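Each chain, letter by letter, is given below.
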Amino acid sequence: MGWGDMEPRNGSAAGQSDTCFGVFNASDGRKNAQNSIASPWFSTAFGLIGLCSNLFALCVLLSSSRKLSSQARSSFLVFLCGLVVTDFMGLLVTASVIIPYHFIKFPWAKVDPGCHLCNFLGFSMVFFGQCPLLLGATMAGERFFGINHPFSRSTSISKRRAWSIVGLVWGFSCLLGLLPVLGLGRYTLQYPGSWCFLTLLPDTGNVIFCLLFALLGIFSVLLSFIFNTVSVVTLCRVYHDRESVQRRRDSEVEMMVQLVGIMIIATICWMPLLVRTWALVFRQQLPASGQIQMLPTETQKMLLIYIRMVTWNQILDPWVYILFRRAVLQRIYPNLRPRPSILSLYPVLNPSLRRKL
C-alpha cells in the first residue's frame, strides 16, 4: 500500500493539517466505518477479558511472591508484576476513552478542539506499548546473566533494585511518549476516529519520532530473542549433561518457558506494526508546497488491524504466567517433581561461599 495522492490545501484542511485532525477525515464515511469494524461490544468484550486476565495474574503473582525464598525467582516475579501492572493500566486507560467513543460517537473535533484528549491517548498508546517490549528485553537480560553467570554478585538483583529497574523502564517510556508534546512529531486521530497514534506523514519531526518508536521496539524484540536463545541453549546443555541428568533446574526452566512465551507473543503481536511503520516512513515523499498528504483508506484500515493485534499482547501476557507455572504443569504432567536448584549443578563449593550465594 502506498501513500495517498496529493490534495490541494483548502481552508478546512489548512486549519487541520497542523492539528491532530489532519490525517483522518472523521466525517468521511464515519457512519459506515463505525457499523462495519468498530462495534462497541467487540471493544468492550476484549477490554473486560484483558482487565480480568491481568487482575487474576496479579493476584497469583502476589500470592507466589510471598512464598518464595529464592532471590532470582523473586526478582523475576517483580519484573513480571511490573509487566502485568503495565498491561492492566494500558487496557484501563485506553479503554476508558475508546469504548465511550464507540457508544456515544461524539464529534472529536468539537469535544477536543485543542487535541488534549488526543495527545493523552496517543501518549498512552506509545507509553503502554513500549513498556512491555522494554520490560521483556530487561527480563531476558536478567535471566541471561543469571543463567550464564550464576555465581557473580553483580547478577544478584534484590527486589528493591528490580523495582528500580522497572521504574527506569517506565520513566524512559514516559519520556518517549512525551516527545510529541514537547515538539518532536505529533499525535493524530486515526481511522475510524476512535484512537490517536503516531503521525505517519512526511515531515522531519514525525519521521524522527516514528523511526525512534519503530527502531526501539524492533531492537527490544531482537535483544529479547538473542538473550533468550543463548539462555535456552545454556539450560539445554546443563539439562542434558551426563553428570547432572537428575539435577534439573526446575525453577530456571519454568522462568525461561514463561519468558520465551512472552517473547513469542510480543513478536507476533508487535512486529507487523513496527515493520509497517518503518516501511511507511521510508516510502513516503515530501508534499509539494501548498499541498497536504493523507494516508489512503486501505492503509488506515491496516493500521487499525495492527493496533488490535497489539492489544492481544496485553490480553495474552498474563496467561503465559497463569498457565506455565509448575503448579499447573505438574497437574498435567505429574512426573514433574521439584529438584535441586542451580547451585547443585556445579562442583561442591566451599560452605561459606554457598551461604553467600
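Predicted model only: the values in this text are computed from it and were never measured.

A. Expanded view of the nonpolar core. Leu80, Trp108, Val126, Trp195, Phe197, Leu198 and Leu273 are the most contacted members of the largest nonpolar core, which totals 80 residues. Per-element tally for this core: the top contributor is helix α6 (residues 116-148), with 15 residues. Beyond its immediate chain neighbours, meaning those up to four positions away, Leu80 contacts Leu61, Met139, Gln258, Ile262 and Tyr321.

B. How the structure looks around helix α7 (residues 159-182). Between its first and last C-alpha, α7 extends 34 Å over 24 residues, near the 34 Å set by a 1.5 Å rise per residue. Approximately 25° is the largest bend angle found in α7, and it occurs at Leu176, with the proline Pro180 only one to four residues beyond. Along α7, the residues classified as buried are Ala162, Val166, Val169, Ser173, Leu176, Gly177, Leu179 and Pro180. Among the residues trailing α7, Gly183 stands out with phi positive, at a value near 120°.

C. Geometry of the environment of Leu198. Tracing the sequence through the fold places Leu198 in strand β3 (residues 195-198). Sequence separation of Leu198 and Val126 is 72 residues, and the distance between their C-alpha atoms is 8.3 Å. Not counting residues within four places of it along the chain, the set of residues in contact with Leu198 comprises Val126, Arg186, Tyr187, Thr188, Gln190, Phe209, Cys210, Phe213 and Thr277.

D. Broad picture of the packing of helix α3 (residues 40-66) against helix α10 (residues 297-323). α10 packs onto α3 with a crossing angle of 30° between their chain directions and a minimal axis gap of 8 Å. One way to sum up the angle between α3 and α10 is to call them roughly parallel. In terms of crossing hand, the pair formed by α3 and α10 is left-handed. Along the contact surface, α3 presents Phe42, Phe46, Ile49, Gly50, Ser53, Asn54, Phe56, Ala57, Val60, Leu61 and Ser64, while α10 presents Arg308, Trp312, Gln314, Ile315, Pro318, Trp319, Tyr321 and Ile322.

E. Fine view of the confidence of the model for the chain. Per-residue confidence for the chain gives a mean pLDDT of 77, with 71% of residues at or over 70. When the criterion is pLDDT under 50, residues 28-36 qualifies, and its contacts beyond four places in sequence or with other chains add up to twelve contacts. In the predicted structure, residues 286-291 sits below a pLDDT of 50 and forms ten contacts with residues beyond four places in sequence or in another chain.

F. The arrangement of the state of the cysteines in detail. As enumerated under the stated definition, the model contains one disulfide in all. Here Cys118 pairs with Cys196 through a disulfide, and the sulfurs are 2.0 Å apart. Between Cys118 and Cys196, the S-S dihedral sits near -120°, and the bridge is therefore left-handed. Of the two residues, Cys118 sits in helix α6 while Cys196 sits in strand β3, which places them 78 residues apart along the sequence. No difference in accessibility class separates Cys118 from Cys196, as the two residues are buried. Lacking any disulfide linkage, Cys174 is separated from the closest cysteine sulfur, that of Cys131, by 8.7 Å.

G. Layout of empty space enclosed by the protein. For the structure shown, the criterion picks out two cavities of 30 Å³ or more. If you trace the largest cavity, you find 13 residues lining it, with Leu133, Gly136, Ser224, Met263 and Ala266 closest to the centre. Looking at the lining of the largest cavity, the elements that each hand over two or more residues are α6, α8 (204-239) and α9 (250-283). Considering each element in turn, the lining of the largest cavity owes the most residues, five residues, to α9. Tallied by class, the residues present in the lining of the largest cavity amount to eight nonpolar, five polar and no charged.

H. A nonpolar patch on the surface, seen in detail. Among the surface-exposed residues, Phe56, Val257, Trp319, Leu323 and Phe324 lie close enough to one another that they form a single nonpolar patch of about 440 Å² accessible area. With respect to the element layout, Leu323 can be found in helix α10. Judged by relative accessible area, which is 42%, Leu323 ranks as partly exposed.

I. Examining the UniProt feature "transmembrane region" (unreviewed entry) in the chain more closely. In the numbering adopted here, UniProt assigns the feature "transmembrane region" (unreviewed entry) to residues 41-64, 76-101, 121-141, 162-185, 205-238, 259-282 and 302-324. Here residues 41-64 is 100% helix and 0% strand, with 34 Å between the C-alpha atoms at its ends. Taken as a whole, residues 162-185 contains 88% helix and 0% strand, while its terminal C-alpha atoms sit 32 Å from one another.

J. Seen up close, unusual backbone geometry. Going from Tyr191 to Pro192, the amide bond is cis rather than trans, its omega being 5°. The residue Cys115 is not glycine, and still its phi comes out positive at about 65°. Considering the arrangement of structural elements, one finds Cys115 in the loop between α5 (108-111) and α6. For Cys115, a relative accessible area of 7% corresponds to the buried category.

K. Geometry of the packing of α6 against α7. At a closest axis distance of 8 Å, the pairing of α6 and α7 adopts a crossing angle of 145°. The handedness of the crossing between α6 and α7 comes out as right-handed. Contacts from Phe123, Val126, Phe127, Gln130, Cys131, Leu134, Leu135 and Thr138 in α6 reach Ile165, Val166, Val169, Trp170, Phe172, Ser173, Cys174, Leu176, Gly177 and Leu178 in α7. Classifying every residue of the contact of α6 with α7 by side-chain character gives 14 nonpolar, four polar and no charged.

About the criteria used
- Every chain is numbered independently, its residues counted from 1 as its sequence is written.
- Whole-chain, interface and lining totals are the exception, using all residues; otherwise, since this is a predicted model, local features are given only for residues with pLDDT of at least 70 and side-chain atom pairs are given and counted only at 80 or more.
- With hydrogens and water stripped out, all remaining heavy atoms of the structure feed into the side-chain values.
- The term nonpolar core refers to a set of buried residues drawn from Ala, Val, Leu, Ile, Met, Phe, Trp, Tyr and Cys, joined through side-chain atoms within 4.5 Å.
- Burial classification: accessible surface area is computed with a 1.4 Å probe over protein chains only, and a residue below 20% of its type maximum counts as buried, one above 50% as exposed, and the rest as partly exposed.
- Numbering goes from the N terminus for both helices and strands, where a helix is a DSSP run of H or I of at least four residues and a strand is a run of E of at least two.
- It only takes one pair of heavy atoms within 4.5 Å for two residues to be counted as in contact.
- One fewer than the residue count of a helix, multiplied by 1.5 Å, yields its expected span.
- Take the seven residues that end at a residue and the seven that start at it, fit an axis to each, and the angle between those axes is the bend at that residue.
- The angle between two axes is taken between their N-to-C directions and runs from 0 to 180 degrees, where each axis is a line fitted to C-alpha atoms and a helix contributes only its stretch in contact.
- Orientation is classified from the angle alone, with under 35 degrees giving roughly parallel, over 145 giving roughly antiparallel, 65 to 115 giving roughly perpendicular, and any other angle giving oblique.
- By the definition used in this description, the sense in which the near helix is turned from the far one sets the handedness, with an anticlockwise turn below a right angle giving left-handed and a clockwise turn giving right-handed.
- Confidence of the predictor at the level of single residues is given by pLDDT, which spans 0 to 100.
- The rule for a disulfide is simple: a pair of cysteine sulfur atoms within 2.5 Å.
- In this analysis the probe radius is 1.4 Å and the grid spacing 1 Å, with only protein atoms considered; a cavity is a set of points the probe fits into but cannot get out of, a pocket is an open set with protein on both sides within 12 Å along at least five of seven lines, and lining residues have an atom within 4 Å of a point.
- Grid points are joined across faces, edges and corners, and a volume is the space filled by probe spheres set on the points.
- Any residue outside Ala, Val, Leu, Ile, Met, Phe, Trp, Tyr, Cys, Pro, Asp, Glu, Lys and Arg is labelled polar, Gly included; the first ten of those are nonpolar and the last four are charged.
- Residues enter patches when they are more than 30% accessible in relative terms and free of salt bridges; like-charged ones are connected within 9 Å and nonpolar ones (Val, Leu, Ile, Met, Phe, Trp, Tyr) within 5 Å.
- Per-residue and other accessible areas were derived by the Shrake-Rupley procedure at a 1.4 Å probe size, with only the shown protein chains allowed to occlude residues.
- A pairing counts as a salt bridge when a side-chain nitrogen of Lys or Arg comes within 4 Å of a carboxyl oxygen of Asp or Glu.
- UniProt positions are given in the numbering used here, feature names are shortened, and annotations may be inferred rather than shown by experiment.

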